[in-house]
Amino acid sequence: MTVRGRFITLEGLEGVGKTTNREFIESTLVERGIDVLVTREPGGTDLGEQLRHLLLHATAPVSAEAELMMMAASRKQHTVDVIEPALKSGQWVLCDRYADASYAYQGGGRELGIDVVAALHDLLQIDLQPDLTFLLDMPIADGLNRMAARGKPDRIEKEALAFFERARAAYLQRAHAQPDRMKIVDASLSIEAVQEQVRTLLLAFLERDHG
Ligand SMILES: Nc1ncnc2c1ncn2[C@@H]1O[C@H](COP(=O)(O)OP(=O)(O)O)[C@@H](O)[C@H]1O
Ligand SMILES: [Mg+2]
């Protein structure tokens with residue numbers, strides 16, 4: 001029987017280094033002979049990428065509820081078409097953002113509340129839990145500075161500081177509630193120092209997983 005793959009996610013606010021560390025995690029796994037599929041949310045399917053474009057570049061206001069529903073639509077399609085089949089076939093999946101991001105951004109940032117996000121995920125049967133999540137955390141202003149260097153902000157990156165403070169608090173609250181799965185990484189350090197933390201946590205996970 002094929003052993004189910006493991007599901008690893010990267011979370012955190014804009015500019016904390018998710019994409020940078022995604023490549024590092026992928027190469028660490030590949031070095032160990034693990035077949036890994038790398039993907040992202042919103043996105044990961046044709047529908048998801050189209051929703052991502054709408055979500056990031058809509059020019060007229062988008063209600064918090066509509067935003068949550070679009071994120072959830074992208075997530076459902078991605079889970080059913082891409083993530084679940086890969087895990088089932090034994091492939092590992094590394095995803096740049098997953099359900100935790102809705103708890104942080106729509107639940108916290110947009111103030112819809114954790115219960116609304118949880119209820120929608122229940123209703124849609126999006127119940128896949130990552131086996132390991134890296135929460136890259138750092139002060140908001142530092143992340144936004146890194147983003148500024150990257151160019152024109154998208155619709156969500158243009159939000160006020162208070163929005164990101166709420167999203168960060170929701171992320172941290174979730175990590176504190178689920179410490180076995182969700183590991184907090186100090187993302188304010190140098191790339192090398194961040195990768196060292198990620199590497200240590202990943203190796204500990206691999207050891208536990210095979211042990
Ligand atoms: N630890 C770090 N120190 C300084 N700059 C970083 C660090 N990690 C990432 N960066 C830079 O910050 C920017 C945002 O990183 P990125 O990985 O794209 O973040 P995210 O995907 O979380 O938005 C990029 O220009 C990246 O090179
Ligand atoms: Mg990124």
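Note that this is a predicted model, so its numbers are computed, not measured.

## Re the overall build of the protein
Here comes step 1: Broken down by element type, the protein carries 8 helices and 5 strands.
Here comes step 2: Counting helices and strands in the order they occur from the N terminus, the protein gives β-α-β-α-α-β-α-α-β-α-α-β-α.
Here comes step 3: For the protein, whose C-alpha radius of gyration is 16 Å, the value lies close to the compact-globule estimate of 17 Å for 211 residues.
Here comes step 4: In terms of overall dimensions, the protein has a C-alpha envelope of 50 × 40 × 30 Å along the principal axes.
Here comes step 5: When the 211 residues of the protein are sorted by exposure, 36% land in the buried category.

## Quick notes on the sheet that holds strand S4 (residues 132–137)
Here comes step 1: Taken in spatial order, the 5 strands line up as S2-S3-S1-S4-S5 in an open sheet, and their pairing is parallel. Here the strands that pair on one side only, and so sit at the sheet edges, are strand S2 (36–40) and strand S5 (182–186). Going across the sheet, the axis of each strand differs from the next one's by a mean of 20 degrees, ignoring polarity.
Here comes step 2: Sheet topology places strand S1 (residues 7–11) next to S4; 4 bridges connect them, and they run parallel. The residue bridging Glu-11 from the neighbouring strand is Leu-135, located in S4.
Here comes step 3: Against the sheet, helix H1 (residues 18–31) contacts S1, S2, strand S3 (92–96) and S4, and its axis sits at roughly 170 degrees relative to S3.

## Some points on helix H4 (residues 99–109)
Here comes step 1: Counting buried residues along H4, 11 of its 11 residues qualify, which places the element largely inside the surrounding structure.
Here comes step 2: Residues of H4 that are buried: Ala-99, Asp-100, Ala-101, Ser-102, Tyr-103, Ala-104, Tyr-105, Gln-106, Gly-107, Gly-108 and Gly-109.
Here comes step 3: Against S1, helix H3 (64–88), helix H5 (114–123), S4 and helix H7 (161–177) lie the buried residues of H4.
Here comes step 4: Immediately beyond the C-terminal end of H4, within one or two residues, lies Glu-111, with a positive phi of roughly 65 degrees.

Definitions and limits used
Residues numbered from 1 in each chain as written. Chains lettered and ligands numbered in written order. Predicted model: local features only at pLDDT ≥ 70, side-chain atom pairs only at ≥ 80, totals over all residues. Helix = DSSP H or I, 4+ residues; strand = E, 2+ residues; numbered from the N terminus. Rg over C-alpha atoms; globule rule 2.2 N^0.38 Å. Buried ≥ 20, exposed ≤ 12 C-beta atoms within 10 Å, placed from the backbone. Pairing = 2+ DSSP bridges. Axes fitted to C-alpha atoms, helices over the stretch in contact; angles between N-to-C directions. Contact = placed C-beta atoms within 7 Å.

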